[in-house]
Amino acid sequence: MDVADKKIIITGGGRGMGKRFALDFKRLGARPFVVDVEQANLDLLKNESGIPGMVVDVSDENQVVDFFENYARENGVPDAVINNAGITADALFIKKKEPEIIRFPTSNCERVIKINLFGVFFCAREAAYHMVKNGVKGVIVNISSISRAGNVGQTNYSAAKAAVDAMTVTWAKELAKYGIRVGAVAPGYINTEMVAKIRPEVLDRIIRNIPLGRLGEMGEISYAVEFIIRNDFYTGRVLEVDGGMRI
Ligand code: CAA
């Protein structure tokens, strides 16, 4: 798909990697629209770049259904959706801290699964619904993670990202007959606010395990998303961009 003039919805686009996608696609001549939970970030993006946005909680089914309905009515069906919104709530599954043994908090699990798994499910489903209804041969790109393989401290996040990969393949198989492609990008550790939250000594150890010896840059992930959108033979696969790291 040529990206020029294409309508691209980016979830979690108010800051971090999603914002970078929005700016890059605008530079490439597309028409990005971002959704996020922080109005202030949307206002900033609008002022900086003119890119429009709206507050939508991707984990709220009704909000997502209404948003896609309204977007399609006002702008037409999106040509591409990038499911980028996601959070972390890291903890050890069991932490032995004498004299206590601490369990992984259920609330951490619920929050991450709701946003990182159900959020992707709702947004992809509504995008696909409108694409199929209107005969639009669009693209859905899900942002997975290197943690999909199972990462220390990320029971919740790893489970959600493994599910994102499985949904990507399932939807690619089901939607191919409508001309809709579905792919995913699995970034490694990237220079984002999310990674900046990791304690410095823990992060140092992680970086030592990256063969290229550094964090990835947001532009390197954006380029992978662009590749999936542009390449009409790419579907049902997860593109790993992680500096060669395996976890
Ligand atoms: N590999 C192996 N062991 C690890 C480890 C790792 N990556 N990380 C932590 N551990 C071990 C520590 O060595 C320590 O073991 P010992 O007690 O035997 O020394 C034990 O786990 C406890 O570690 P902490 O002292 O750090 O425990 P904590 O409760 O203070 O913190 C934690 C636990 C929050 C999970 C913290 O270790 C942490 O932040 N780890 C990093 C988790 C991570 O990689 N998150 C990625 C966030 S970015 C992201 O998710 C984007 C993406 O897509 C990649």
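Just above sits the structure.
Now for a quick tour of the structure. (Residues numbered from 1 in each chain as written. Predicted model: local features only at pLDDT ≥ 70, side-chain atom pairs only at ≥ 80, totals over all residues. Heavy atoms only, no water.)

### Considering the packing of aromatic side chains
Aromatic ring pairs are reported here in terms of the distance separating the ring centres and the angle at which the planes meet. Tallied over the full model, the rule gives 8 aromatic pairs. Grouping aromatic residues by their ring pairs yields a cluster made of Phe 33, Phe 67, Phe 68 and Tyr 71. (Phe/Tyr/Trp six-rings, centres within 6.5 Å; stacked < 30°, edge-to-face > 60°.)

### Comments concerning a nonpolar patch on the surface
Side chains of Phe 93, Ile 94 and Ile 101 sit close together on the surface and give an oily, nonpolar patch of about 350 Å² of accessible area. Summarising the element assignment, Ile 101 is placed in strand β6 (residues 100-103). What makes Ile 101 exposed here is its relative accessible area of 55%. (Patch = residues over 30% accessible without salt bridge, like charges linked within 9 Å, V, L, I, M, F, W, Y side chains within 5 Å. Areas by Shrake-Rupley, 256 points an atom, 1.4 Å probe, with all protein chains shown as cover. Salt bridge = Lys/Arg side-chain N within 4 Å of Asp/Glu carboxyl O. Helix = DSSP H or I, 4+ residues; strand = E, 2+ residues; numbered from the N terminus. Buried < 20%, exposed > 50% of the residue type's maximum accessible area, 1.4 Å probe, protein only.)

### Examining the pairing of strand β5 (residues 94-97)
Sheet topology note: the β5/β6 ladder contains 4 bridges and is antiparallel. Looking at the pairing, Lys 95 lines up with Ile 102 of β6. In sequence, β5 turns back onto β6 through a hairpin of 2 residues. (Pairing = 2+ DSSP bridges.)

### So, the environment of Lys 177
For Lys 177, the location among the structural elements is in the loop between α5 (155-175) and β8 (181-187). Between the C-alpha atom of Lys 177 and that of Met 194, which follows or precedes it by 17 residues, the distance is 37 Å.

### Here we look at the sheet that holds strand β9 (residues 238-241)
If you walk across this open sheet you meet the 7 strands as β3-β2-β1-β4-β7-β8-β9, and the pairing is parallel. Both edges of this open sheet fall to β3 (53-55) and β9, since each of them pairs with a single strand only. For this sheet, the mean inter-axis angle between neighbouring strands, taken without regard to orientation, is 15 degrees. Judged from the 5 bridges that link them, strand β7 (residues 139-143) and β8 form a sheet pairing that is parallel. In the strand pairing of β8, Ile 143 is matched with Val 185. Relative to strand β1 (residues 7-11), helix α1 (residues 16-27) is tilted by about 165 degrees, and along the sheet it contacts β1, β2 (31-36), β4 (80-83), β7 and β8. Of the strands in this sheet, β1, β4 and β7 are in contact with helix α4 (residues 106-134), which crosses β4 at around 175 degrees. (Axes fitted to C-alpha atoms, helices over the stretch in contact; angles between N-to-C directions. Contact = heavy atoms within 4.5 Å.)

### Some thoughts on helix α3 (residues 61-75)
For α3, built from 15 residues, the straight-helix expectation of 21 Å at 1.5 Å per residue is met to within 8% by its first-to-last C-alpha distance of 21 Å. Residues of α3 that are buried: Val 64, Phe 67, Phe 68, Tyr 71 and Ala 72. The buried residues of α3 all sit within an arc of 125 degrees when viewed along its axis, so they share a single face. Away from the buried face of α3 by more than 90 degrees, exposed residues Asn 62, Arg 73 and Glu 74 are located. Of the surrounding elements, those touching the buried residues of α3 are β1, β2, β3, β4 and α4. Where α3 begins, the capping side chain belongs to Asp 60, and its oxygen is found 3.1 Å from the backbone nitrogen of Asn 62. Looking one or two places after α3, you find Gly 76, whose phi comes out positive at around 95 degrees. (Expected span 1.5 Å × (residues − 1). Arc of directions from axis to C-beta. Polar contact = N/O pair within 3.5 Å; in protein donor to acceptor, adjacent residues only side chain to side chain.)

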